[in-house]
Amino acid sequence: MSTQALFDEQTLSLRARMQDFVASIPRQLLLDMDANKVSYPKEYLQEAGRRGVLGLRFAPRWGGSGLPWTSELVALEEVGVLGTSLACLYSLVSIVGEAIHVFGTDEQKERFLIPMLRGELGVAEALTEPHGGSDFFAATTRARRQGDTFYLSGQKRFVVGAEGADLILVYGKVDGIEDPKRAMTAFLVERGPGVEVQHVYGLMGTRGGGTGRLVFREAKVPLENVLGGEAGIGRGTEVFHQMMIPERMTSAGGAVGMGRAAIEIAARYADKRYAFGEPIRRFEAVSFKVAESLTLLDAARALNHAVGVTIESRASAGKVRRLVSEAKKFSTEAAWTVVNHAMQILGGIGYTDIYPIERLLRDVRLITIWTGTNEIMDLVIQHEFYREFLAEKPHGRNVEADALGADFSAEKVYNVEGETV
Ligand SMILES: Cc1cc2nc3c(=O)[nH]c(=O)nc-3n(C[C@H](O)[C@H](O)[C@H](O)COP(=O)(O)OP(=O)(O)OC[C@H]3O[C@@H](n4cnc5c(N)ncnc54)[C@H](O)[C@@H]3O)c2cc1C
């Protein structure tokens, strides 16, 4: 697949660096992670840090490269070929890093962002709770303040890096503030007394990232670890909305890489594998799956690119939220279809561990669920659309008036009483 036309020299060179990094990851690491022999591959992040490919969008002052979203998407596509676990660990730097970069104090950037970008500090994010992830604001984790210390109590589920990460961004509500949106606060929690890994999950895929349940029992968090310090108390809702941009865009970007890896294996296989005396790619049922896959991935990549540009434009927060959700939904569903097509093209051997398609299929199933399920993406998309659309004055041609019966206003019945409007 060629994307040459979309990229400038700098981006092509970044892509080459990312391909080098991805090629350097030992095959054994992937196998050991999938076999749950590794719980958190610190050396992978260290290698990414050494190569300067973490947190690409962040300011050089804090160790970033000051690149635009469109560049990070190129990097994410390359990392995506490694599967969800390693792509997620790479992405967490972008996600948690965003929160610290935008809302953190300079001291927090020194202490946390710089070592994160060097690959020396593993990070996790803890939003989801056992009773539900979609309804984020219903979170029950609480923080009791005593002087300049907060005592955090609650549970978070499905946290990648619960086992292994050094720093966990945890959302909790500060006691004494009634409105849940005003109470929500982001805490930078370092491992220590009161932070306990209660359960490490047996997962269908996405293994080896230390995904577990965290329990906080009066965990002591000093004020200097409240994201943004004193001014950050009650700003958790803002942090959440900002963090959801990389949260969802990293899923979207990585999805394209995963789908690409799978369909390239399938396309090579279809060229070499014979049935009925012909390479199977000569059968439409096979080659049209390749065609559909290429189209879906190119469309996903193009949408992601356009959304990347929009994030950095002056577009409203609502429009960005809608487009980011569209990118996440479309790319993850495209990747799911593509990996599934790849498995079908390989026939029985695709279902075995002779090819990595079965691992990618186990991985890709997750991405329509995490970082906000695709049903929640639909919820956001239509909500933000209506909010903006209904507030706008109609513009351009009035197409509704182009119907033959457009003037029969008595037939335009909208309300329950049957009155015309
Ligand atoms: C392997 C793995 C890694 C993860 N990593 C992390 C992590 O690092 N940090 C973290 O905080 N979380 C993480 N998650 C959690 C993930 O983001 C949540 O599982 C996800 O957001 C869904 O929440 P839930 O599982 O509680 O499902 P629920 O919220 O209970 O939803 C269940 C179903 O109901 C649907 N639903 C709910 N509300 C609505 C609605 N209003 N309209 C329509 N449908 C609705 C959902 O779409 C879903 O199909 C991870 C999950 C997994 C499995």
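Residues numbered from 1 in each chain as written. Predicted model: local features only at pLDDT ≥ 70, side-chain atom pairs only at ≥ 80, totals over all residues.

Asks: I would appreciate a short explanation of the overall build of the protein chain in the present structure.
Replies: When helices and strands are tallied, the protein chain shows twelve helices and nine strands. Overall, the protein chain is about 75 × 70 × 40 Å in size when its C-alpha atoms are taken along their principal axes. In the protein chain, which comprises 421 residues, the share counted as buried stands at 46%. Sequence separation of 24 or more characterises 75% of the internal contacts of the protein chain that already satisfy a separation of 6 or more. (Helix = DSSP H or I, 4+ residues; strand = E, 2+ residues; numbered from the N terminus. Buried ≥ 20, exposed ≤ 12 C-beta atoms within 10 Å, placed from the backbone. Contact = placed C-beta atoms within 7 Å.)

Asks: What should I look at first to understand the packing of helix α4 (residues 69-80) against helix α8 (residues 236-272) in this one?
Replies: One can describe the packing of α4 onto α8 by two numbers: an axis separation of 6 Å at closest approach and a directional angle of 50 degrees. Comparing their axes, α8 and α4 come out oblique. α8 is crossed by α4, and the crossing has right-handed handedness. Contacts between α4 and α8 pair Trp69, Leu73, Leu76, Glu77, Glu78, Val79 and Gly80 from the former with Met249, Thr250, Gly253, Gly254, Ala255, Val256, Gly257 and Met258 from the latter. Its residues assigned to classes, the contact of α4 with α8 shows eight nonpolar, five polar and two charged. (Axes fitted to C-alpha atoms, helices over the stretch in contact; angles between N-to-C directions. Parallel < 35°, antiparallel > 145°, perpendicular 65-115°, else oblique. Left-handed = near helix turned anticlockwise from the far one by under 90°. Nonpolar A, V, L, I, M, F, W, Y, C, P; charged D, E, K, R; others polar.)

Asks: How should the site of the ligand be read in this particular structure?
Replies: The local shell around the ligand holds 22 residues, among which Gly133, Ser134, Phe158, Thr373 and Glu375 are the closest. Top element by residues in the shell around the ligand is helix α12 (residues 374-391). It accounts for three residues. Taken together, the residues of the shell around the ligand sort by class into eleven nonpolar, nine polar and two charged. (Near = placed C-beta within 6 Å.)

Asks: Sorry, what's going on with the pairing of strand β2 (residues 142-146) here?
Replies: In regular strands, side chains alternate between the two faces of the sheet. Here β2 runs beside strand β3 (residues 149-159); their pairing, made up of five bridges, is antiparallel. Its bridge partner being in β3, Ala143 is matched across the sheet by Leu152. The hairpin turn running from β2 into β3, its antiparallel successor, is two residues long, and Gly147 in that turn takes a positive phi close to 60 degrees. (Pairing = 2+ DSSP bridges.)

Asks: Looking at this structure, I do not really get the domain arrangement of the protein chain. What am I missing?
Replies: Often, the extent of an interface is quoted as the loss of accessible area upon association of its parts. By the assigned domains, the protein chain splits into domain 1 (4-122), domain 2 (125-233) and domain 3 (238-389). Relative placement of domain 2 and domain 3: their C-alpha centres are 30 Å apart. The residue makeup of the side of domain 2 that touches domain 3, split by class, is five nonpolar, three polar and no charged. (Domains from an automatic or database assignment.)

Asks: Looking at this structure, how should I read the packing of α4 against helix α5 (residues 84-103)?
Replies: Any two packed helices are characterised by how steeply their axes cross, that is the angle between the axes, and by the distance between the axes. Running from amino to carboxyl end, α4 crosses α5 at an angle of 155 degrees, the nearest separation of the two axes being 9 Å. Between α4 and α5, the crossing angle belongs to the class labelled roughly antiparallel. Remark: the crossing between α4 and α5 carries right-handed chirality. Contacts from Glu72, Leu76, Val79 and Gly80 of α4 reach α5 at Leu86, Ala87, Tyr90, Ser91 and Ser94. Looking at the contact of α4 with α5 residue by residue, the classes come out as five nonpolar, three polar and one charged.

Asks: Sorry if this is basic, but what is going on with helix α10 (residues 317-346) here?
Replies: Between its first and last C-alpha atoms α10 spans 43 Å; for 30 residues at 1.5 Å apiece the expected length is 44 Å, and the two agree. Judged by how many residues are buried, α10 sits mostly within the fold: 23 of 30 residues are covered. Where α10 ends, the next residue or the one after it, Gly347, has phi of about 65 degrees, a positive value. (Expected span 1.5 Å × (residues − 1).)

Asks: Would you mind showing me how to read the pairing of strand β1 (residues 123-126) here?
Replies: A two-sided burial pattern is seen for β1, the buried positions comprising Val123 and Glu125 on one face and Ala124 and Ala126 on the other. Pairing between β1 and strand β4 (residues 167-174): four bridges, direction parallel. Along β4, the bridge assignment pairs Ala124 with Ile168.

Asks: Would you mind showing me how to read the environment of Arg314 here?
Replies: Relative to the elements of secondary structure, Arg314 occurs in the loop between α9 (284-311) and α10. Along the backbone, Arg314 and Gly119 are 195 residues apart, and their C-alpha atoms lie at a distance of 32 Å.

Asks: Got a minute to help me understand the environment of Lys393 in this structure?
Replies: With respect to the secondary-structure elements, Lys393 resides in the segment after α12. In this structure the C-alpha to C-alpha distance between Lys393 and Val123, which are 270 residues apart in sequence, comes to 45 Å.

Asks: Can you help me understand the nonpolar core in this one?
Replies: Across soluble globular proteins, you tend to see nonpolar side chains buried next to one another. Phe187, Ala262, Ala335, Val339 and Ala342 are the most contacted members of the largest nonpolar core, which has 111 residues in total. Residue contributions to this core peak at 15 residues, all from α8. (Core = buried A, V, L, I, M, F, W, Y, C linked by C-beta atoms within 7 Å.)

Asks: Honestly, unusual backbone geometry in this entry has me stumped. Any pointers?
Replies: With glycine set apart, most residues show a phi of negative sign, and most peptide bonds adopt trans. One non-glycine residue, Phe276, adopts positive backbone phi at about 50 degrees. Along the chain, Phe276 turns up in the loop between β8 (274-275) and β9 (278-279). According to the C-beta neighbour criterion, Phe276 is exposed, with 7 such atoms within 10 Å. Positive phi, close to 50 degrees, is recorded for Thr371, a residue that is not glycine. Position of Thr371 among the secondary structure elements: in the loop between α11 (357-364) and α12.

Asks: What exactly am I supposed to notice about α11 here?
Replies: Because an α-helix packs 3.6 residues into every turn, residues spaced three or four apart end up facing the same way. The buried fraction of α11 is high, at six of eight residues. Of all the positions in α11, only Ile357, Arg359, Leu360, Leu361, Asp363 and Val364 are classed as buried.

Asks: Even after reading the chapter, I still don't get the environment of Glu388, so can you show me in this structure?
Replies: With respect to the element layout, Glu388 can be found in helix α12. The exposure class of Glu388 is partly exposed, given the 13 C-beta atoms found within 10 Å. Distance from Glu388 to Ser316, taken between C-alpha atoms, is 9.4 Å for residues 72 residues apart in sequence. Those residues in contact with Glu388 that lie beyond four places of it in its chain are Gly318 and Lys319.

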